[in-house]
Amino acid sequence: MNFVKIALVGGTALTLSMTMAMADDNNTFLTQSGTDNSALITQSGSYNNAGTDANPMSQSGYINKLTVLQSGKFNAVGTSANANGGPAGISQTSNRSTDTAGANQLEIIQSSSFNEVGAVDQVSSGTNTSLGSNSVKITQESDGFLSGANRVGSVSQARGSSSGNELTVTQG
C-alpha cells in the first residue's frame, strides 16, 4: 500500500492536505481544508476508484463528512464531470462556521461490481445555522458479477439560508 500525505500550514491557519492511497489497484484521491473535515474510505476487491489524480474528492469549509465504502470490482466514485455545471468529481464546501446541524454530509455504499457515482457537488452557505444542511446517501448493490452496473451521473445541491437539501438513492 502506497500512502502520500502533504500538509501545508499557512499564516492564516488554513490547513490543506492531499491524500492518495492505493491497494489492490484501488485508488483514492482526497483533499481536505478547513475545520472538522472527516473521511472514511474503504475499498475491497480490485480496480475501485474514489476521485482521480486530476480531480480529487474535495472537502473544504467547516463540518464536512465523507464516507465511501466500495466492494467488488470496478466501482467508481467522483471520477466524472458534473452535468449540472458543478465541479467534476466529489466536492463539498461550506462557509458556515457555526452550523450545529452539520454542513454537507455524504455517504456512498456500493457493495458490488461496476457501480458508479460520477459527480456530487454540495455547497452550504448563508447565515441561518439552525436549519438542516446538505446530505446525500447513495446505496447501489447487486449480488453477482456484472449484475451491478448502477450509475448516478451527477448530483448538485446548494443550500443558502433556507432549509437543507437531502437526497437518498437506492438501486438494486
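Here we summarise the structure given alongside this text. Quick caveat: nothing in here was measured; it's all calculated off a predicted structure.

1. A few points about the overall build of the protein chain
Next up, step 1: Each helix and strand in the protein chain was counted, giving 0 helices and 14 strands.
Next up, step 2: Taken from N to C terminus, the helices and strands of the protein chain fall in the order β-β-β-β-β-β-β-β-β-β-β-β-β-β.
Next up, step 3: Within the protein chain, the proportion of its 172 residues that are buried is 41%.
Next up, step 4: Counted over contacts in the protein chain with a minimum sequence separation of 6, partners at least 24 positions apart contribute 65%.

2. Observations concerning the pattern of salt bridges
Next up, step 1: All chains considered together, the criterion is met by 1 salt bridge.
Next up, step 2: Across the pair Glu116 and Arg151 runs a salt bridge, and its minimum N-O distance is 3.1 Å. One end of the pair, Glu116, is in strand 11 (residues 116-124); the other, Arg151, is in strand 13 (residues 151-159), and 35 residues separate them in sequence.

3. Notes on the packing of aromatic side chains
Next up, step 1: Applying the stated rule across the entire model yields 2 aromatic pairs.
Next up, step 2: Each ring, one from Tyr47 and one from Phe74, has its centre 5.2 Å from the other, and the planes form 10°; the classification is stacked. In this pair, Tyr47 is assigned in the loop between strand 4 (40-43) and strand 5 (49-50) and Phe74 in the loop between strand 7 (67-70) and strand 8 (76-77), connecting sequence segments 27 residues apart.
Next up, step 3: For Tyr47, a relative accessible area of 40% gives the class partly exposed.
Next up, step 4: When its relative accessible area of 40% is taken as the criterion, Phe74 is described as partly exposed.
Next up, step 5: Residues Phe74 and Phe114 carry aromatic rings whose centres are separated by 5.2 Å and whose planes lie at 15° to one another, so their mutual orientation is stacked. Of the two residues, Phe74 sits in the loop between strand 7 and strand 8 while Phe114 sits in the loop between strand 10 (106-109) and strand 11, which places them 40 residues apart along the sequence.
Next up, step 6: By way of ring pairs, the aromatic residues Tyr47, Phe74 and Phe114 are connected into one cluster.

4. Comments concerning the environment of Ser71
Next up, step 1: Secondary-structure assignment places Ser71 in the loop between strand 7 and strand 8.
Next up, step 2: Overall, the relative accessible area of 29% leaves Ser71 in the partly exposed class.
Next up, step 3: Counting along the chain gives 27 residues from Ser71 to Ser44, while the straight-line C-alpha distance between them is 4.6 Å.
Next up, step 4: Not counting residues within four places of it along the chain, the set of residues in contact with Ser71 comprises Ser44, Asn48, Ser111, Ser112 and Ser113.

5. Section: the sheet that holds strand 7
Next up, step 1: Read from one edge of the open sheet, 5 strands run 4-7-10-12-14, paired in parallel fashion. Each end of this open sheet is capped by a strand with a single partner; those strands are strand 4 and strand 14 (167-171). In this sheet, adjacent strand axes meet at a mean angle of 5° when their direction is disregarded.
Next up, step 2: Relative to strand 10, strand 7 runs parallel, the two sharing 3 bridges.

6. Observations regarding the nonpolar core
Next up, step 1: Core analysis: the biggest nonpolar cluster contains 16 residues, and Met57, Leu66, Ile90, Leu106, Val120 and Ile138 have the highest contact counts within it.
Next up, step 2: When residues of this core are traced back to their parent elements, those giving at least two are strand 10, strand 11, strand 12 (136-140) and strand 13.
Next up, step 3: Residues contacting Leu66, with those up to four places away along its chain left out, are Leu30, Ser38, Ala39, Leu40, Met57, Gln59, Ile90, Gln92 and Leu106.

Quick notes on the rules
- Residues numbered from 1 in each chain as written.
- Predicted model: local features only at pLDDT ≥ 70, side-chain atom pairs only at ≥ 80, totals over all residues.
- Heavy atoms only, no water.
- Helix = DSSP H or I, 4+ residues; strand = E, 2+ residues; numbered from the N terminus.
- Buried < 20%, exposed > 50% of the residue type's maximum accessible area, 1.4 Å probe, protein only.
- Contact = heavy atoms within 4.5 Å.
- Salt bridge = Lys/Arg side-chain N within 4 Å of Asp/Glu carboxyl O.
- Phe/Tyr/Trp six-rings, centres within 6.5 Å; stacked < 30°, edge-to-face > 60°.
- Pairing = 2+ DSSP bridges.
- Axes fitted to C-alpha atoms, helices over the stretch in contact; angles between N-to-C directions.
- Core = buried A, V, L, I, M, F, W, Y, C linked by side-chain atoms within 4.5 Å.

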